[in-house]
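The primary structure of each chain is shown beneath.
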Amino acid sequence: MALHTVSGIKLPPFSPPPPHHHLGASPSGGNLYAASAFPRRRCGGLAAVVRCARRTGKRRYPSEKKRLDRRHKEQLRQTAPEEGGVAREAGFWRLSKLAVPASDDPGKDFLGVSPPLLQAIAKALKFPVASMLPEEAFSVIRKSFDARKILKEPQFVYTVDVDAKKLLDMEPRTWDFIARLEPRLGIVEYMSDERVAADLISMLNVHNKVSDDEHGIRDTVNNGSISPTRMKPRVAIVGSGPSGLFAALVLAELGAEVTLLERGQPVEQRGRDIGALAVRRILQSESNFCFGEGGAGTWSDGKLVTRIGKNTDGVQAVMKTFVHFGGPPNILIDGRPHLGTDKLVPLLRNFRHHLRELGVAIRFNTRVDDLIVEGGQVKGVVVSDSNLQPGSVDQKLSFDAVVLAVGHSARDTYSMLLRHNVDITPKNFSVGLRIEHPQELINNIQYSELAAEVHKGRGRIPVADYKIVKSIGEGDVKNDIEQVDQNRSCYSFCMCPGGQVVLTSTNPSELCVNGMSFSRRASKWANSALVVTVSSHDFEPFQSHGSLAGVEFQREYERRAAMMGGGNFVVPAQCVTDFISNKLSVTTLPPSSYRLGVRPSKLHELFPPYITEALQQSITMIDKEMPGFISSEALLHGVETRTSSPLQISRHRETYESTSLQGLYPIGEGAGYAGGIVSAAVDGMYCGFALAKQLSLFAGDIEAIFGKAQKQTGSVKY
């Protein structure tokens, strides 16, 4: 019999429990429960405790809203100077959510201060004449595009920093308005100093100079002779994706002897191998869309959107490092920044040259086949030429530490780690299909009459995209407990406006796809994965594989997709209308951007019913919000399985060292701690500093520079 329960409300730490609630320990000495004022109801001999559901956002209880308002006002009072105070004249004010109608704005490629933006600033300052405000006193920090249907018309939304001293020097008549400016959390905020994060290289150079000044140069002169420095610690970094590159950069700048081991090819050769795959169907097992310099994100959209805080110092340091190596400066301001493969390739080349100038030994075509372990500690690695068969030519390399920065497709590495009893746990991830529409159709759905302004990525407004999250299978109260395992999130993933569908298989007998686009996003197609969350409960048929059950789950459906396609990397496809109706697409399929061919297939029979039904329901729900999404021109491609790592390698939160094997440092997406270019780069950067501290190369406090790293609790924010 189902128990009628709902989740308990979590009060903020500073709030005492209501007087009528009594806290008591459970008989087993476990968690504390708040005893409800309502009587307990018996169901089949079991007591069901009825508690209030937690309510967030606009649905918060009035008392909760008042507590939050008080806390917010207290935060603002502590940070902002008093009204009319002299300190207001010297600091900076950050104005957020400044809206400029799309019809008035110069367009997505203009990142300066325009007259319409000055009007929005004047409104926020309550200054009567916008034309009197000097443009030089304002800096655009963020610019994004908002085309939601609830708005009267699409608009650009800005975040702007105001230099109070410069503003008052250039226009003294604004003093009264700055003196009376009222702080509002997330809208108007005061800063005593301008928040300017430097790129990682500049920060490390400053640290090294200060360190040399404090402790003397590293080679000291004694009696006319130079005393040699102590031997540098030797560190191997396995993988040249974002996490590996940033870990290598930090460690090399701080004085470690770094060797970067990459099983794939440098980007120049990797590009040729991918071209051979797209034209002649030749799959290089070690140089493809997943393996090679830059990792899996190189041949994708190059998205730099992250959920770990785009304005944090750590993320800003990563973004400015990308600009340092050749990325366009607009990624620092764009609300949804992306690079595109054409910008990533030269950026990675510059990154590689800098690492080599620092003395980093970069070895391509070098696969790590095993770890050298002595007494529960990693002492080195066993490598071979990845162009040859595994284990054909072995070479042993000794290191003081090994940073494991492999991607989510390094399945042979996972098996190798299990042989050394490394602690690995299955992790939730998502699987589904990739849907493709004509980009013009998405533009019309999202922008209506403004769609004509897109012009294949060269217009005033950005190419239209979408981001969708749906909860499928929500049961009513009567069946809440029975259906808790059936509730699933279905969402769009890696949406590529103006892009194409590409093959991301690493094995000829398996088939999986992804999306990519170039910087202009000028293709005539828009594609996105529609994926459903899966968990360890879904991996039960593969329990014999232990910690790799999620990997085998992926493989099973990649093999099925390969068989549906008929081989030779042909992708099984189905019209969206037929997928919803559970029937084979017997008519000619709509055009696809996938270059190796598509075959009409029954994709509704590919996955288990709970995944298929969740996809069908979510597509129907999406069409209600985006009329036209269900279209005869929309085509589904199978299969998308590698949205993130299916496992997590346990590590210590502070040191980043494996909990089960000393000297091993698992990082990035392949280890289960990131999901995208930026979050992986930040993870690698933090690990680099943590390892440098253990190796006595760094004595500072990384959190004092970048703030606290995201919590690794098994549920990672991507």
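The rules behind each value
- Residues numbered from 1 in each chain as written.
- Predicted model: local features only at pLDDT ≥ 70, side-chain atom pairs only at ≥ 80, totals over all residues.
- Heavy atoms only, no water.
- Helix = DSSP H or I, 4+ residues; strand = E, 2+ residues; numbered from the N terminus.
- Buried < 20%, exposed > 50% of the residue type's maximum accessible area, 1.4 Å probe, protein only.
- Contact = heavy atoms within 4.5 Å.
- Areas by Shrake-Rupley, 256 points an atom, 1.4 Å probe, with all protein chains shown as cover.
- Polar contact = N/O pair within 3.5 Å; in protein donor to acceptor, adjacent residues only side chain to side chain.
- Phe/Tyr/Trp six-rings, centres within 6.5 Å; stacked < 30°, edge-to-face > 60°.
- Lys NZ or Arg CZ within 6 Å of the ring centre and 35° of its normal.
- Pairing = 2+ DSSP bridges.
- Axes fitted to C-alpha atoms, helices over the stretch in contact; angles between N-to-C directions.

Student: I tried to follow the overall build of the protein chain on my own but got confused; where do I start?
Tutor: Across its full length, the protein chain carries 16 helices and 29 strands. Across the 718 residues that make up the protein chain, the buried fraction comes to 50%. Across the protein chain, the fraction of contacts at a sequence separation of at least 24, relative to all contacts at a separation of at least 6, is 71%. In the structure as shown, the protein chain presents an accessible area of about 33,700 Å², 51% of it carried by carbon and sulfur atoms.

Student: What am I meant to see in the side chain of His-354 here?
Tutor: For His-354, the location among the structural elements is in helix 9 (residues 341-357). Taking the relative accessible area as the measure of exposure, His-354 reaches 15% and is therefore buried. Here the side chain of His-354 touches Glu-253 through a polar contact of 3.1 Å, side chain to side chain. Setting aside residues up to four positions removed in sequence, His-354 forms contacts with Ile-201, Leu-249, Glu-253 and Phe-325.

Student: Sorry, what's going on with the packing of aromatic side chains here?
Tutor: Two measures describe an aromatic ring pair: the distance that separates the ring centres and the angle between the ring planes. Scanning the model with the defined rule gives 17 aromatic pairs in all. Considering the side-chain rings of Phe-542 and Phe-553, the 6.1 Å spacing of their centres and the 85 degrees angle between planes classify their relative orientation as edge-to-face. Of this pair, Phe-542 sits in the loop between strand 24 (525-534) and helix 12 (549-565) while Phe-553 sits in helix 12, and the two are eleven residues apart along the sequence. Taken individually, Phe-542 and Phe-553 each receive the classification buried, so the pair is uniform in this respect. Sitting over the face of the ring of Phe-156, Lys-143 holds its NZ or CZ atom 4.7 Å from the ring centroid.

Student: Help me understand unusual backbone geometry, please; the structure alone is not making it clear to me.
Tutor: Excluding glycine, residues mostly have negative phi values, and the peptide bonds linking residues are mostly trans. At the junction of Gly-638 and Val-639, the peptide bond is cis and its omega measures out at 15 degrees in the coordinates. Examined against the element boundaries, Val-639 turns out to sit in strand 27 (residues 635-640). A positive phi is found at Arg-281, a non-glycine position, where the angle reads about 60 degrees. Of note, Arg-281 is situated in the loop between helix 7 (267-280) and helix 8 (313-324). Even without being a glycine, Phe-569 presents a positive backbone phi close to 65 degrees. Mapping Phe-569 onto the fold places it in the loop between helix 12 and strand 25 (571-575).

Student: Would you mind going over the sheet that holds strand 7 (residues 155-163) with me for this structure?
Tutor: Picture the strands of a sheet paired through backbone hydrogen bonds; they go either parallel or antiparallel. Within the open sheet, the four strands sit side by side as 6-7-5-8. Their pairing is antiparallel. With one partner strand each, in any of the chains shown, strand 6 (138-146) and strand 8 (188-191) form the two edges of the open sheet. Ignoring strand direction, the axes of neighbouring strands in this sheet form an average angle of 20 degrees. Taken together, the eight bridges between strand 5 (residues 92-101) and strand 7 define a ladder with antiparallel strand orientation. By the bridge assignment for strand 7, Ala-99 is matched with Val-157.

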